[in-house]
Amino acid sequence: MKILHTSDWHLGQLFYGKSREQEQAAFLDWLVDQVKSQKLDAILVAGDIFDTGTPPSYARALYNQFIVQLHHECPDCQLILLAGNHDSVAVLNESKGLLSALNTQVVAGADPEALEQPGDHLTGDLVKELLLPLTDSTKKPAAVLCAIPFLRPSDLMRSRSDQSAEERQRQLTQQIQGYYYQLFDLAKQYYPDLPVVMTGHLTTVGASTSESVKDIYIGTLDAFPASAFPPADYIALGHIHRPQKVAKSEHIRYCGSPVALSFDELGRNKEVLIVELEPEKGFIAAESLTVPVFQPLIRLNGCLSDIEAQLSDLSPETDKLEPGQTLWAEINVQTDDYLADLQLRIEDLIADQPVEVLRIRRDNRARSTLADHQPSVQLDELTPEEVFLKRLSQEALDDERRNALVECFQQIRAELQEGGAQ
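Chemist: Just give me the short version of the nonpolar core, but keep the residues and values in it.
Modeler: Among the nonpolar cores identified, the biggest contains 35 residues, and Trp 9, Ile 43, Ile 49, Tyr 63 and Phe 66 are the most heavily contacted of them. The biggest single contributor to this core is helix H2 (residues 57–73), with 7 residues. Not counting residues up to four positions away in its chain, the partners in contact with Trp 9 are Gln 24, Phe 27, Leu 28, Leu 31, Val 45, Asp 48, Ile 49, Phe 66 and Pro 258. If you look at the next biggest cluster of nonpolar residues, it comprises 31 residues, including Ala 187, Val 196, Phe 224 and Phe 229.

Here's what the structure looks like:
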């Protein structure tokens, strides 16, 4: 059978004030075309379907339209949607039952009963939620999926005041590893003759991140070791936006995000992975499929004269634009001077070109040579949720209190957005 592995769609992302609606819609249309042309049996979306826990209405519309279109044009293709750290369990669960009628399974959160009970004590109904048979073109089970979304630390463990940071990290790693092995053993018990596919939304040791990837286990787990995964036939991971193999393993992969979610993700193709499995042989191969660029981005670096020379002729990039489309640019100027008129000078240079400068950064060369210099994060680079979480991390709170405040914050944001829409 053939499975398409994708993740980190971040539907509804506001990119330096610009909506991604058109390019994300184009990607989803392209994805349906690939299912038809490649004759795919299933799609796994390994987390971060939405960019925030309270996605805008157009992002929800894209989500629903894609599911309906996929079911209409490719009714035999299974769609499995797993939550990431950006997703709201409640938002994904609200349409879970309805979407099951469209050959779509939604896994929004880890079941508390499964986390607390040994595998041999789980009920049959719960096992059906955790283990999803994946069928081939003949409608026969060809693999079994251990559907694991983002595992929230508050679901896995209860921290104690007498625990050190190292002890909490060790405990969380053990809890995640235990959950993976519990589901792997269940899969082998219930489907002994089928290849086992597992999912995950987390950072692994050695993974290469980008500006748009935020830590998801702050203060408890830096990265999960690849050696702690069970010997599954394929492990489909999300959260890291750059496609890469984990521990040089062909069968443990990040597919990356389908569109660039920050300017530092430029320079490398975006892709989805097509994974081939056979019941007798297990994992065969994972081949990358390059995603077209639906919204061109460019990043310019150098001193002011270099930037001016690059901006004076962007025709190699602008010639590729569709009618009515503009090129989105980030400019990093290396200078020791403040240059109060920098913005105006750049605007003059692009006045007659289909270019929008979304971000200008000043790189003070003298300061950047200091050994202890750390790159700063601008406030406009963070979402309101990230600002709130950063502030919350400075408080000494237990998990229960922290989670209650996060839920309260999300509820207030949702009410404000609904009020603004009215």
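Chemist: Go over the packing of helix H1 (residues 21–38) against H2 with me, naming the residues and quoting the values.
Modeler: Here H1 crosses H2 at 15°, and the two axes come no closer than 10 Å. The pairing of H1 with H2 is recorded here as roughly parallel in orientation. Read as a crossing pair, H1 and H2 show a hand that is right-handed. Mapping the contact onto sequence places Glu 21, Gln 24, Ala 25, Leu 28, Asp 29, Leu 31, Val 32, Val 35 and Lys 36 in H1 and Tyr 58, Leu 62, Phe 66, Gln 69, Leu 70 and Glu 73 in H2. Tallied by class, the residues present in the contact of H1 with H2 amount to 9 nonpolar, 2 polar and 4 charged.

Chemist: Give a description of the pattern of salt bridges that names residues and reports values.
Modeler: Overall, the coordinates contain 15 salt bridges when judged by the stated rule. Linking Lys 96 and Glu 129 is a salt bridge whose minimum nitrogen-to-oxygen distance equals 3.2 Å. With Lys 96 in helix H4 (residues 96–99) and Glu 129 in helix H6 (residues 124–130), this residue pair connects regions lying 33 residues apart in the sequence. For Glu 129, a relative accessible area of 45% puts it in the partly exposed group.

Chemist: Any details on the sheet that holds strand S7 (residues 131–135)? Residues and values, ideally.
Modeler: Read from one edge of the open sheet, 6 strands run S7-S8-S9-S10-S12-S11, paired in mixed fashion. Of all strands in the sheet, those bounded by a partner on one side alone are S7 and strand S11 (244–246). Strand-to-strand twist of the sheet, defined as the mean angle between neighbouring strand axes without regard to direction, takes the value 35°. Of the pairings in the sheet, the one linking strand S10 (residues 234–238) to strand S12 (residues 249–254) comprises 3 bridges and is parallel in character. Counterpart to Ile 235 in the pairing with S12 is Ile 252.

Chemist: I'd like a rundown of the sheet that holds strand S16 (residues 327–334), residues and numbers included.
Modeler: Reading across the sheet, the 3 strands line up as S15-S16-S17 and stay open at both edges, with parallel pairing between neighbours. Only two strands of the sheet have a single neighbouring strand rather than two, namely strand S15 (297–302) and strand S17 (355–363). Pairwise comparison of adjacent strand axes, ignoring direction, gives a mean angle of 15° for this sheet. Sheet strands touched by helix H9 (residues 304–312): S15 and S16. Its angle to S15, the strand with the most contacts, is close to 145°. Packing of helix H11 (residues 342–349) onto the sheet brings it into contact with S16 and S17, and relative to S17 it is tilted by some 145°.

Chemist: Kindly report on unusual backbone geometry, identifying the contributing residues and their values.
Modeler: Phi at Asp 48 is positive, roughly 55°, even though this residue is not glycine. Mapped onto the secondary structure, Asp 48 falls in the loop between strand S4 (42–46) and H2. Not every positive phi belongs to a glycine, and Lys 139 is a case in point at roughly 70°. Mapping Lys 139 onto the fold places it in the loop between S7 and strand S8 (141–146).

Chemist: Explain H2 to me, using residue names and the numbers behind them.
Modeler: Over its 17 residues, H2 runs 24 Å from end to end, which matches the ideal 24 Å to within 8%, given 1.5 Å per residue. Among the residues making up H2, those that are buried are Tyr 58, Ala 59, Leu 62, Tyr 63, Phe 66, Ile 67 and Leu 70.

Chemist: Describe in detail the packing of aromatic side chains, supporting the description with residues and values.
Modeler: Enumeration over the complete set of coordinates arrives at 13 aromatic pairs. On the numbers, 6.0 Å between centres and 75° between planes, the contact of Trp 9 with Phe 27 is edge-to-face. One end of the pair, Trp 9, is in the loop between strand S1 (2–6) and strand S2 (14–15); the other, Phe 27, is in helix H1, and 18 residues separate them in sequence. The exposure class assigned to Trp 9 is buried, which follows from its relative accessible area of 1%. Assessed through its relative accessible area of 3%, Phe 27 is described here as buried. A network of ring pairs unites the aromatic residues Trp 9, Phe 27, Trp 30 and Phe 66 as a single cluster. Residue placement shows Arg 20 over the ring face of Phe 15; its charged tip is 4.3 Å from the ring centre.

Reading the values: rules and limits
Each chain has its residues counted from 1, running along the sequence as written. Totals for whole chains, interfaces and linings use every residue, but because this is a predicted model, local features are given only for residues with pLDDT of at least 70 and side-chain atom pairs only at 80 or more, for both listing and counting. Side-chain figures throughout are based on the complete set of non-hydrogen atoms in the structure, without hydrogens or water. Side-chain atoms within 4.5 Å are what join buried Ala, Val, Leu, Ile, Met, Phe, Trp, Tyr and Cys residues into a set we call a nonpolar core. Here the term buried applies to any residue with accessible area under 20% of the maximum for its type, exposed to any over 50%, and partly exposed to those in between, with areas from a 1.4 Å probe on protein chains only. In this text, helices come from DSSP runs of H or I with a minimum length of four residues, and strands from runs of E with a minimum of two, each type numbered from the N-terminal end. Here, two residues are considered to be in contact whenever any of their heavy atoms come within 4.5 Å of each other. Lines fitted to the C-alpha atoms define the axes, with helices restricted to the stretch that makes contact. Angles between their N-to-C directions range from 0 to 180 degrees. Our angle categories are set so that under 35 degrees counts as roughly parallel, over 145 as roughly antiparallel, 65 to 115 as roughly perpendicular, and the remainder as oblique. Working rule for handedness: look at the near helix, and if it is turned counterclockwise from the far one by less than a right angle, call the crossing left-handed; if clockwise, right-handed. Each residue is assigned to one of three groups, with Ala, Val, Leu, Ile, Met, Phe, Trp, Tyr, Cys and Pro labelled nonpolar, Asp, Glu, Lys and Arg labelled charged, and all others, Gly among them, labelled polar. A pairing counts as a salt bridge when a side-chain nitrogen of Lys or Arg comes within 4 Å of a carboxyl oxygen of Asp or Glu. A pair of strands is treated as paired once DSSP finds two or more bridges between them. Expected span, for any helix, means 1.5 Å times one less than how many residues it has. Whether two aromatic rings pair depends on their centres lying within 6.5 Å, for rings of Phe, Tyr and Trp, where Trp uses its six-membered ring; planes under 30 degrees apart make the pair stacked, over 60 edge-to-face, and the rest tilted. Here, over-ring charges are defined by two tests on the NZ atom of lysine or the CZ atom of arginine: distance to the ring centre within 6 Å, and angle to the ring normal within 35 degrees.

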